[in-house]
Amino acid sequence: MNSKKLFIILVTLVMILMMSACERNDEDNADNFKSVTFKVAVQEAQGQPVADMAERIKARIEEQSEGKINLDMFFAGQLGSYEAVYEEVQMGTIDIAIQSIPTQFDDRYNITCLPYSTTNTEQWKTLWLPNGAGYEKLSSYFEDNGIKLLSTIDYGFMALGFSNIKNGIDNVMDPNQKKDFLIRVPAMETYIKLSQEMGFNTTAIPYGDLYSALQTGVADGVIGCSTMPLWDSFRDVLKAVVDARYVCETGGCIINANKFNNLPIEYQDIILKVFTDESSSHADNMNSLEKDYLKKLSDYGVKVVYPSQEELNTMATHIQENVWPMYADLVGKNELDMLLNKIAEME
């Protein structure tokens with residue numbers, strides 16, 4: 001046998017051995033896997049709903065992996081702002097983050113901010129949990145940036161808060177009715193447009209000045225808060241709250257893609273299932289908490305208005321037609337049309 005034939009045989013044997021190693025079953029991979037500890041950044045402080053979810057995730061993953069996957073949790077921004085944490089997850093210096101999604105790193109992340117894409121928890125779960133149309137798009141955007149999306153986070157539906165109800169708020173959910181209210185909005189073109197299409201005059205007062213602005217009449221109300229901060233921070237200056245449900249702030253549970261892909265499939269499956277289960281349970285919990293906080297506001301003397309589903313649908317259609325086109329350059333027209341079709345299927 002000449003040397004050339006021997007070389008070919010040896011190369012072939014090496015390739016076969018390499019393929020065999022790559023194709024060994026997942027059980028062997030898991031059995032041979034020693035252990036790993038992931039550094040996890042959690043945006044919220046302990047005791048907050050999302051932090052409670054993170055604690056449950058940690059306990060379940062460590063139990064189900066029999067101590068092979070461990071999570072070292074850092075709460076309340078200990079590892080930096082959510083923008084800085086996002087970049088560190090990309091680099092792999094932080095492994096997992098449970099937090100808001102910083103849209104400045106990829107315009108397409110604004111798909112999570114579309115107003116009136118959902119108006120109730122079941123719709124949100126259908127669209128934004130794994131296998132949902134919104135989730136699948138968002139997951140692909142993260143993948144393009146070297147990040148694996150494990151699940152999404154329901155941070156709560158936003159309401160309208162009023163410190164001055166003037167001649168009443170009976171027509172507040174009529175998009176074609178101009179309202180005599182000056183509403184504080186975040187200094188973002190999309191929020192300003194949303195508020196104007198809802199019929200309000202707008203002012204972009206800094207959030208830190210909002211309490212005194214509501215108290216002194218510089219502003220008549222606020223858009224951009226869920227029921228919990230309305231109760232925690234503004235209940236003493238509010239006369240009315242409308243459960244308008246215009247945005248459900250959606251966050252993300254993310255992991256460095258390389259770190260995730262290097263895990264045995266068995267542990268990948270455990271992580272994905274636990275995150276999905278807990279995100280779903282958390283969304284149900286948020287739905288319950290929103291009702292509790294609205295009742296607290298009512299008991300405190302704040303008028304609470306619950307729009308009908310018909311009123312929500314009328315406002316949603318108007319906003320989708322008049323505000324969503326602003327997102328076309330950020331998210332893409334095809335993606336917007338796809339979401340509209342999926343939303344129509346849910347109704």
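Note that this is a predicted model, so its numbers are computed, not measured. (Residues numbered from 1 in each chain as written. Predicted model: local features only at pLDDT ≥ 70, side-chain atom pairs only at ≥ 80, totals over all residues. Heavy atoms only, no water.)

A.B. asks: Before we move on, could you go through the overall build of the protein chain and cite the residues and values that matter?
C.D. replies: On a plain count of helices and strands, the protein chain comes out with 14 helices and ten strands. Along the three orthogonal principal directions, the C-alpha set of the protein chain runs to about 100 × 40 × 35 Å. Every one of the 347 residues in the protein chain was classed for burial, and the buried ones make up 48%. If you take every contact in the protein chain between residues at least 6 apart in sequence, the share linking residues at least 24 apart comes to 74%. For the protein chain, the accessible area works out to roughly 16300 Å², and carbon and sulfur atoms hold 48% of it. Positive and negative side-chain charges in the protein chain, numbering 29 and 50 respectively, have mean positions lying 2 Å apart. (Helix = DSSP H or I, 4+ residues; strand = E, 2+ residues; numbered from the N terminus. Buried < 20%, exposed > 50% of the residue type's maximum accessible area, 1.4 Å probe, protein only. Contact = heavy atoms within 4.5 Å. Areas by Shrake-Rupley, 256 points an atom, 1.4 Å probe, with all protein chains shown as cover. Lys, Arg positive; Asp, Glu negative; His and termini not counted. Charge placed at Lys NZ, Arg CZ, Asp CG, Glu CD.)

A.B. asks: Please set out the packing of aromatic side chains residue by residue, giving values where relevant.
C.D. replies: Tallied over the full model, the rule gives ten aromatic pairs. With centroids separated by 5.6 Å and ring planes inclined at 55°, the aromatic side chains of Phe 33 and Tyr 267 adopt a geometry described as tilted. Within this pair, whereas Phe 33 is found in the loop between helix H2 (26–32) and strand E1 (36–42), its partner Tyr 267 is found in helix H11 (residues 265–299), the two being separated by 234 residues in sequence. Neither Phe 33 nor Tyr 267 differs from the other in exposure class; each is buried. Pairing Tyr 86 with Phe 105 gives two aromatic rings, centres 4.8 Å apart and planes at 15°, and the pair type is stacked. Note that Tyr 86 is positioned in helix H4 (residues 82–91) and Phe 105 in the loop between strand E3 (96–99) and helix H5 (121–128), a separation of 19 residues in sequence. (Phe/Tyr/Trp six-rings, centres within 6.5 Å; stacked < 30°, edge-to-face > 60°.)

A.B. asks: Pulling in residues and values, what's your account of the pairing of strand E9 (residues 248–256)?
C.D. replies: Of all nine residues that make up E9, eight are buried, and the element is covered over most of its length. Pairing between E3 and E9: four bridges, direction antiparallel. The partner of Ala 97 across the bridge, within E9, is Ile 254. Strand direction decides the pairing type here: strand E4 (residues 147–162) and E9, joined by eight bridges, are antiparallel. In the sheet register, Ile 153 faces E9, and the bridge partner there is Gly 251. (Pairing = 2+ DSSP bridges.)

A.B. asks: Please provide a residue-by-residue account of unusual backbone geometry, values included.
C.D. replies: Residue Ala 76 is not a glycine yet carries a positive backbone phi of 55°. As for its position among the elements, Ala 76 is in the loop between strand E2 (69–74) and H4. Judged by its relative accessible area of 46%, Ala 76 is partly exposed. Positive phi is not limited to glycine here, since Arg 245 has a value of about 55°. Looking at where Arg 245 falls in the secondary structure, it is placed in the loop between strand E8 (240–242) and E9. In this structure Arg 245 comes out as buried when scored by relative accessible area, which is 10%.

A.B. asks: Tell me about the side chain of Asp 243, and please be specific about residues and values.
C.D. replies: Along the chain, Asp 243 turns up in the loop between E8 and E9. Once residues within four sequence positions are removed from consideration, Asp 243 is found in contact with Ala 159, Leu 294, Val 305, Tyr 306, Pro 307 and Leu 312.

A.B. asks: Can you tell me about the nonpolar core, naming the residues and giving the values?
C.D. replies: Ranked by internal contacts, the top residues of the largest apolar core, which has 57 residues, are Tyr 116, Leu 138, Phe 142, Leu 160, Phe 162, Met 198 and Tyr 246. The biggest single contributor to this core is E4, with six residues. Those residues in contact with Phe 162 that lie beyond four places of it in its chain are Ile 169, Val 172, Phe 181, Ile 183, Phe 200, Asp 220, Gly 221, Val 237, Leu 238, Lys 239, Ala 240 and Val 242. Counting 29 residues, the second largest nonpolar core, distinct from the first, contains Met 53, Ile 69, Ile 153 and Tyr 267. (Core = buried A, V, L, I, M, F, W, Y, C linked by side-chain atoms within 4.5 Å.)

A.B. asks: Please provide a residue-by-residue account of empty space enclosed by the protein, values included.
C.D. replies: By the definition in use, this model includes two cavities of 30 Å³ or more. Here the second largest cavity is characterised by a volume of approximately 30 Å³. Lining the second largest cavity are Thr 112, Leu 114, Ser 117, Thr 118, Trp 124, Trp 128, Cys 248 and Thr 250. Looking at the lining of the second largest cavity, the elements that each hand over two or more residues are H5 and E9. (1 Å grid on protein atoms, 1.4 Å probe; cavity = no way out; pocket = protein on both sides within 12 Å on 5 of 7 lines; lining within 4 Å. Points joined across faces, edges and corners; volume = space filled by probe spheres on them.)

A.B. asks: So, helix H6 (residues 133–144): which residues are in play, and what are the values?
C.D. replies: Relative to the 16 Å expected for twelve residues at 1.5 Å per residue, H6 spans 17 Å between its end C-alpha atoms, a close match to the ideal helical length. Turning to H6, its buried residues are Ala 133, Gly 134, Tyr 135, Leu 138, Ser 139, Tyr 141 and Phe 142. Packing partners of the buried residues in H6 comprise H4, H5, E4, E9, helix H13 (328–331) and helix H14 (333–346). Immediately beyond the C-terminal end of H6, within one or two residues, lies Gly 146, with a positive phi of roughly 75°. (Expected span 1.5 Å × (residues − 1).)

A.B. asks: I'd love a proper account of the layout of surface pockets, names of residues and values included.
C.D. replies: In this structure, the largest pocket occupies an estimated 990 Å³ of space. At the level of secondary structure, the elements contributing two or more residues to the lining of the largest pocket comprise helix H3 (49–64), E4, helix H7 (189–197), strand E7 (221–226), helix H9 (227–234), E9 and H11. Across the lining of the largest pocket, the residue classes break down as 21 nonpolar, 14 polar and five charged. (Nonpolar A, V, L, I, M, F, W, Y, C, P; charged D, E, K, R; others polar.)

A.B. asks: Report on the environment of Glu 83, specifying residues and quantitative values.
C.D. replies: Residue placement: Glu 83 occurs in helix H4. Exposure remark for Glu 83: the relative accessible area of 23% places this residue in the partly exposed category. Taking the C-alpha atoms as reference points, Glu 83 and Glu 266, separated by 183 residues in sequence, lie 31 Å from one another. The contact partners of Glu 83, leaving out residues within four places of it in the chain, are Pro 102, Gln 104 and Phe 105.

Everything listed here is a matter of coordinates, which is why it stays silent on function.
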